[in-house]
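# Notes for the structure review
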Amino acid sequence: GNLPGGHIVSDLSSWEADRLTAEQAREFLDRYVRQNTADLPHIRLEEHVVVVRHTREERALYLGQAHDAPDPGDSEAFSTDENVKALERLLALCSHFQSGGAHMAEDAGTECQRISDLKEKRVVKASNLLGRLTRVLCLLTSKYRNLPGAPSPPQWKSDLQRACEAMKASA
């Protein structure tokens, strides 16, 4: 087919061979496109195919959001506000690079970096919380051991004790 700008695409078989792309395109058309013809003679019908090649960053953004969103073909896909918002974010990525947050990203690379930074902060926060909780468990375990008549600890407690000792050694 002819593309705007005079580009000609003669072979779409590589795109059609990609099952994921073909399936998602089919699901999108089935859900959102009502018809491709109209009985309006004063409006000229013009059909064309636009091939979009995503950069690695654009594909990473889209696939990351697709992983978080429900399958649009699933009967439960639109059952909750959370699911609807996830699908809206996925659709928004088709036109711009903002997967969330207050500001619009300049490009997909900037948005990937923002998301990476966010995830890294979450990992650090979870790691810090785990460290604090481990210290609390160490403290409680040492206090429990000193109680009169305390029974011998089960296996998980000895595993916890080894973790506490390893943590003390690394501190």
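Calculation notes
- Residues numbered from 1 in each chain as written.
- Predicted model: local features only at pLDDT ≥ 70, side-chain atom pairs only at ≥ 80, totals over all residues.
- Heavy atoms only, no water.
- Salt bridge = Lys/Arg side-chain N within 4 Å of Asp/Glu carboxyl O.
- Helix = DSSP H or I, 4+ residues; strand = E, 2+ residues; numbered from the N terminus.
- Buried < 20%, exposed > 50% of the residue type's maximum accessible area, 1.4 Å probe, protein only.
- Core = buried A, V, L, I, M, F, W, Y, C linked by side-chain atoms within 4.5 Å.
- Contact = heavy atoms within 4.5 Å.
- Patch = residues over 30% accessible without salt bridge, like charges linked within 9 Å, V, L, I, M, F, W, Y side chains within 5 Å.
- Areas by Shrake-Rupley, 256 points an atom, 1.4 Å probe, with all protein chains shown as cover.

### Overview of the pattern of salt bridges
- Inspection of the entire model under this criterion finds one salt bridge.
- Among the ionic pairs, Glu111 bridges to Arg114, the shortest N-O distance being 2.8 Å. Placement of both Glu111 and Arg114 in helix H5 (residues 108-145) is noted, with a separation of three residues, approximately one turn of the helix.
- Using a relative accessible area of 0% as the deciding quantity, one classes Glu111 as buried.
- Its relative accessible area of 19% is what places Arg114 among the buried residues.

### Structural notes on the nonpolar core
- Residues Ala69, Ala77, Ala86, Leu87 and Leu90 constitute the largest nonpolar core, which totals five residues.
- Aside from chain neighbours lying at most four places away, what touches Ala69 is Ala86, Leu87 and Leu90.

### Focus on a nonpolar patch on the surface
- The grouping of Phe28, Leu29, Tyr32, Val33, Phe78 and Leu91 at the surface amounts to a nonpolar patch, some 570 Å² of accessible area in total.
- The element that contributes the greatest number of residues to the nonpolar patch is helix H2 (residues 19-32), accounting for three residues.
- Of note, Tyr32 is situated in helix H2.

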